[in-house]
Amino acid sequence: MPTVALNGTDILHVRPDLKTVNCPYTMKSYVAVPAIDIDVAVIYTAKSDIHTLVEQVDFISEVGWQKEKERLDNKDRKTEIY
């Protein structure tokens, strides 16, 4: 990912994986930052079971919001959906 925030800093001498590149259109100098290698992913879902199977819930329509609110209200939770 290109950034201008690291231009002119000493971090370019310490981190050999950061490279300076020039934009072919504007000829401005950017620092190319490599993508991070992650080991964890966070997935939010509104409905799943104990086997980690996930079901997509329709939040688009008002009916979908009402269905989800009723489902959550049946679990004795205080639910506020706006």
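The structure displayed is predicted, hence computed values, not measured ones.

Cut-offs and rules
Residues numbered from 1 in each chain as written. Predicted model: local features only at pLDDT ≥ 70, side-chain atom pairs only at ≥ 80, totals over all residues. Heavy atoms only, no water. Pairing = 2+ DSSP bridges. Helix = DSSP H or I, 4+ residues; strand = E, 2+ residues; numbered from the N terminus. Salt bridge = Lys/Arg side-chain N within 4 Å of Asp/Glu carboxyl O. Buried < 20%, exposed > 50% of the residue type's maximum accessible area, 1.4 Å probe, protein only. Contact = heavy atoms within 4.5 Å.

Description of the sheet that holds strand S3 (residues 29–32)
Then, in step 1: With respect to topology, three strands assemble into an open sheet ordered S1-S3-S2, the strand pairing being antiparallel. Two strands in the sheet have a free side with no partner beyond their single neighbour: strand S1 (2–3) and strand S2 (19–22).

Focus on the pattern of salt bridges
A side chain with one charge may pair with a side chain of the opposite charge, provided their charged atoms come close.
Then, in step 1: Counting across every chain of the model gives one salt bridge.
Then, in step 2: Ionic pairing is found between Arg15 and Asp17, a salt bridge with its closest N-O pair at 2.8 Å.
Then, in step 3: The class for Arg15 is partly exposed, based on a relative accessible area of 35%.
Then, in step 4: Classification of Asp17 as partly exposed rests on a relative accessible area of 35%.

Observations regarding the environment of Arg71
Then, in step 1: Tracing the chain through its elements places Arg71 in helix H2 (residues 62–73).
Then, in step 2: Separated by 24 residues in sequence, Arg71 and Lys47 place their C-alpha atoms 9.8 Å apart.
Then, in step 3: Other than its neighbours up to four places away in sequence, Arg71 contacts Ala46 and Lys47.

Brief notes about unusual backbone geometry
Then, in step 1: Non-glycine residue Met27 carries a positive phi angle of around 60°.
Then, in step 2: Positionally, Met27 belongs in the loop between S2 and S3.

Observations regarding the pairing of S2
Then, in step 1: Pairing of S2 with S3 involves four bridges; the strand directions are antiparallel. Across the sheet, the residue bridging to Thr20 is Val31, located in S3.

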